[in-house]
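Letter by letter, the chains look like this.
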Amino acid sequence: MTRRIARVQLDSPLPQLDRLFDYAIPRELLDDVAQGVRVKVPLRTAGRVVEGFVVEIDDEDDADRPLSEIDQVVSSAPVLPERLYRLARAVADRAAGSAADVLRLAVPKRMVRAEKAWLASEARTAPVVLSAERRRAEAVLEEFPTLREQLLAGERVAVDAPPRLVDGRPAWARLLAAAAATMLAAGRSAIVAVPDHRDLDLLQEQLLPLVPDGAIVRHDAGQSGPERYAGYLRTLEAAPCIVIGNRSAVYAPVSDAGLVAIWDDGDPLLEEPLAPYAHARDVALVRQSIEGCALLFAGHTRTTDVERLVSIGFVAEVQAPRRIAPRVVLSTAPEHEQVAARIPSASFRAVREAIAEGPVLVQVARPGYAPSLVCADCRTPTRCAHCGGPLHARARGATPVCAWCGRSAHAWSCPQCSSTRLRLASSGSERTADELGRAFPGARVVVADGAHPVREVDDRPALVVATRGAEPLAPGGYRAVLLLDGDRMLQAPDLRIGEHCLRWWSNAAALAAPDAPVHLVGVTGPVGRALASWTQPHYARLELGERAPLRMPPASRVARLEGDTVAVDAALRSLAEDVPGLPFDAILGPVPIDRDGYPGSRALIRFDYGRGPAVTRSLRASVVAAAMKARGRAKDSRSRKAARNTLAVRVDIADPEL
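Cut-offs applied
Residues numbered from 1 in each chain as written. Predicted model: local features only at pLDDT ≥ 70, side-chain atom pairs only at ≥ 80, totals over all residues. Heavy atoms only, no water. Helix = DSSP H or I, 4+ residues; strand = E, 2+ residues; numbered from the N terminus. Buried < 20%, exposed > 50% of the residue type's maximum accessible area, 1.4 Å probe, protein only. Pairing = 2+ DSSP bridges. Contact = heavy atoms within 4.5 Å. Core = buried A, V, L, I, M, F, W, Y, C linked by side-chain atoms within 4.5 Å. Salt bridge = Lys/Arg side-chain N within 4 Å of Asp/Glu carboxyl O.

**What about unusual backbone geometry?**
Note that the residue after A275, namely P276, is joined by a cis bond; omega there is 5°. Its location among the elements puts P276 in the loop between β12 (257–263) and α9 (280–291). You will see that T146, though not glycine, has its phi angle at about 70°, which is positive. Looking at where T146 falls in the secondary structure, it is placed in the loop between α4 (131–141) and α5 (147–152). Residue T146 is classed as partly exposed on the basis of its relative accessible area, which comes to 46%.

Next comes the structure, spelled out in structure tokens:
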């Protein structure tokens, strides 16, 4: 005698529940339980009911095996297709995480009204890209020889986007829109992931004239719940579409993905801050290996991660026959000028000449007026007397305020020399705007930062002071670009700070008008030379070569293991047994750390890409074992310490730090 069973992926954060569970389908639910639907099932060990997704349905001959029955079908909508579960499982295995955590990022929260409307709607027909629009898109791709053919053939390519404006809009948005429209014209879906909402708006603006209405599905964190869920349901349909969105868009479960494109993969916004912390670039690589779709990496700079893939031949490099580069000037103060001069005379003259013709962009490192203060006598950094946080000034002569607790330091005195005098140690966007306003009386000054978002400026003369990444778009291009605080940016204790600075400066330089000067102040090293010669891939190769002997990412993969000292030691012993070929110096640490008031340990594991599956399997097994032991202790003890997680793993650390 056979019976119908369902294999269910539970929606639970517990690592020991990260597998498929068999449940019997009761007779009254035989017609309702289908692959991909949401269900509620009993969890015998916890004595409660949890939600999950039906992944598989099968017939079982062993009717005597005791199985719990499915309690309820939450919805008849099949929201988890097999292709999405396969991707979630592969991403979780690569990152030593749980498939449930990935699905929580990929599948939006259920919205009943949006779901009912979708279930009642008729099947969509495939959108048709008109021949004139198809030719326009193909003409854009022809600027890069063989790019169209490689995308249609499902290859992996890396493209350096031209740093220019076309019809007042960045050329990169036009390029990615053309690639997506070309794929849609071929009858397949396309997915384009960009860092933020401004990039998303530019991309959508370029797509609208190329593809028919209803062919674009936008995934945006700023959308309402019903809008986001309705867009997700649209991607489940057989009719192809173009999905544009932020990092989670790479999970869009389109039925026939022809292209996955990532713009500016070095942007930290494409890093997932939630478990299992998979970068959008890595998810795209996993998806391409499973589905065989084309993969496109585009940016004004080349990350070391993509350059590594290019160097081993895994990703093909496509270059434009005609090289376009901004006119970059490495500007330093002459000997007769003060060493501390923030704007050298040559850069000052360039700004004065350019502002007579149109807007001038001034990029600074930080927002605010004076992000940091020091003692005027001994130069000791000022700290809050209550919490130890850094003090900053909101305006010239204003009372210092703590950046952490918000308290005002009315009677501050230096703990080193007892001085009561303060000195502004740095200039934020507001202070820079104040100083430039006095240097150029009568000039219009625009501040663009997190507190003062500005999307676009007109072509009237203006000084636009913007923090990195917040630069407004000038349709006619900036008549000059001044990049300040470069030396201070490069001093940040970050393994990838050179990459980040080059990306910030390159994206700003790409907003300049043709032949407009781009002055990089105070930087003359390899990063400055790469910007001046516009050879970002060469800089990425140099960085990759320097990290290889140290086995730092991305030359090697790095995992961080932290938790109770006993659990960390046990995990490292298991790792040595499970991966016997791991080099003796692969493990850094463990070192003692504080975990919310409890002592613990942290270790870094460096391993090559070939050993990745074995290492992640071993680490994941240790996480599950530690969770099971913690649960056993929780049964014997009601203490809070016994129930807490004892081991955590994060794989592919971009900036390793013990």
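Having put the structure on the table, let's press on.
**Observations concerning the pairing of strand β9 (residues 189–193)**
In terms of residue burial, β9 counts as a mostly covered element, since 5 of its 5 residues are buried. Side chains of β9 alternate between two faces, with S189, I191 and A193 and A190 and V192 buried alike. Bridge analysis of β9 against strand β11 (residues 242–245) gives 4 bridges, and the strand direction is parallel. Bridging across to β11, I191 finds its partner in V243.

**With respect to helix α8 (residues 225–235)**
Residues lying three or four places apart along an α-helix face the same way, a consequence of the helix completing one turn every 3.6 residues. Among all positions in α8, only Y229, G231, Y232, L233, R234 and T235 are buried. On its buried face, α8 sits against β3 (38–43), α1 (82–94), α2 (99–106), α3 (112–120), β10 (216–219) and β11.

**Comments concerning the nonpolar core**
The biggest cluster of nonpolar side chains holds 75 residues, and the ones touching the most others in it are L147, L151, L176, V211, L259, L296 and W505. Among the elements that line this core, the one with the most residues is helix α6 (residues 171–185), at 11 residues. What V211 contacts, discounting residues up to four positions off in sequence, is V129, A181, L184, I216 and I242.

**Side note on the pattern of salt bridges**
Counting across every chain of the model gives 52 salt bridges. When the shortest N-O distance is used, the salt bridge between E60 and R3 registers 3.0 Å. Residue E60 is found in strand β4 (residues 48–60), and its partner R3 is found in strand β1 (residues 3–10); the two are separated by 57 residues along the sequence. Two residues, D59 and R4, come together in a salt bridge whose shortest N-O distance is 2.9 Å. Remark: R4 occurs in strand β1 and D59 occurs in strand β4; sequence separation between them is 55 residues. Salt bridges linked by common partners bring R3, R7, D22, E56, D58, E60 and R65 together as one network.

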